[in-house]
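# Structural features, examined
These are the residues of each chain, in order.
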Amino acid sequence: MRGIILTLFIVLLYSCKQHEDSSSIEDQQTKSEVIVYEEYSGIEPTEPEATKIYEPVPPTVAPYSQNGVPSDAIVLFDGTSFDQWMMYHDSTAVVWHLNDDGSMTVKDKTGDIRTKKNFGDVQLHVEWRSPVDFMGEGQSRANSGVFLQGLYEVQVLDNNDNDTYVNGQVASIYKQHVPLAKASVPSGEWNTYDVFYRAPEFDENGDKIKSATITVVHNGVLVQDHVEIKGTTPNIGWPKNPPHGKGPIRLQDHGDNSRVGYRNIWVRELQ
Ligand code: MG
């Protein structure tokens, strides 16, 4: 008799546990948010006209109007001058090398440069190359960088036969996001970065209420897919989130004779 009672007790405990497990799964399921499109709810239209939209009309952009640059882009560097740029640390005239072939080259240990104009949401096109006769290893081989709003670095680095930590390799969001692929061309050839960036937002107290997001295409290959920028991209320490408004495009002088070249830089301000 005692054995029967004990068996019944164990069966009861087991069934309670099963019920508990299944209800917790149900709880998890009900916690998931179901996506509802209000504009596509209600009585479904039966005529094509009911689901057509005519306004607002998107602006027309001629894609290759100014030497291959979109008609609404601001040309930041076309090889003729540094008119759109200044030194980052003291806003003086740029001392980097302006080359005869329509490019510029980082002048070692002179400091970063920045655009005179500040930007928020942008589409940015940058071309860069590392020298053929490279020097250094790891992070010391053709290290530069493209900073959005002066704060958030898309890494520029010669990683050809030159491994480093992956969240600091070419096309990483430095120390935050490993690129989806390494899509570099051979050293000495021109790389393209096409960047799609949405700026962060801060409330009246200076607290971040929306993170920046960034998508990067490297030589036509998607390498950053709408990732969240969690703050600044320092070499040492955590990302920080100082409140800020619009900021410059900034190019890095890493200070170890990178000799990275840049050319054909343009930007479209996004709404
Ligand atoms: Mg860098």
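Within each chain, residues carry numbers counting from 1 in the order of the written sequence. In keeping with the model being predicted, local features are shown solely for residues with a pLDDT of at least 70 and side-chain atom pairs are shown and tallied solely at 80 or more, while totals for entire chains, interfaces and linings include all residues. Only hydrogens and water are set aside when side-chain values are computed; all heavy atoms of the structure are taken into account.

To continue, consider the pattern of salt bridges. By definition here, a salt bridge exists when the distance from a side-chain nitrogen of Lys or Arg to a carboxyl oxygen of Asp or Glu is within 4 Å. Summed over all chains, the structure comprises 11 salt bridges. Two residues, Arg198 and Asp121, come together in a salt bridge whose shortest N-O distance is 3.1 Å. Of this pair, Arg198 sits in strand E9 (residues 191-198) while Asp121 sits in the loop between strand E5 (113-115) and strand E6 (122-129), and the two are 77 residues apart along the sequence. By definition, any uninterrupted DSSP run of H or I lasting at least four residues is a helix, any uninterrupted run of E lasting at least two residues is a strand, and each is numbered from the N terminus.

Protein-derived coordination of the magnesium ion comes from Asn143 (OD1), Ser144 (O), Glu153 (OE), Gln155 (OE1) and Gln252 (OE1), at a distance range of 2.2 to 2.3 Å. Motif for the magnesium ion, donor spacing along one chain: N-S-x8-E-x1-Q-x96-Q. In this pair, Asn143 sits in the loop between E6 and strand E7 (144-148) while Gln252 sits in the loop between strand E14 (250-251) and strand E15 (261-269), placing the two residues 109 residues apart along the sequence. Each member of the pair Asn143 and Gln252 is classed as buried. Listed donors are limited to N, O and S atoms within 2.8 Å of the metal, widened to 3.2 Å for Na, K and Ca; water is not among them, so incomplete-looking sites are possible. Relative accessibility decides the category of a residue: with a 1.4 Å probe and only protein chains considered, values under 20% of the type maximum give buried, values over 50% give exposed, and everything between is partly exposed.

Attention now goes to the confidence of the model for the chain. Residue-level confidence of the predictor, termed pLDDT, takes values from 0 up to 100. Mean pLDDT over the chain stands at 92; residues scoring 70 or higher make up 89%. For the chain, helix H1 (residues 2-31) is the element with the lowest average pLDDT, namely 51, and strand E12 (residues 212-218) is the one with the highest, namely 99. In this description, contact between two residues means that some pair of their heavy atoms is separated by no more than 4.5 Å. Taken as a whole, residues 8-13 scores under 50 in pLDDT and shows 0 contacts with residues more than four places along the chain or in a different chain.

A few words on the environment of Pro234. With respect to the helices and strands, Pro234 occurs in the loop between strand E13 (221-229) and E14. Considering only alpha carbons, one finds Pro234 and Tyr152, 82 residues apart in sequence, at a separation of 8.8 Å. Beyond its immediate sequence surroundings of up to four residues, Pro234 is in contact with Tyr174, Lys175 and Pro239.

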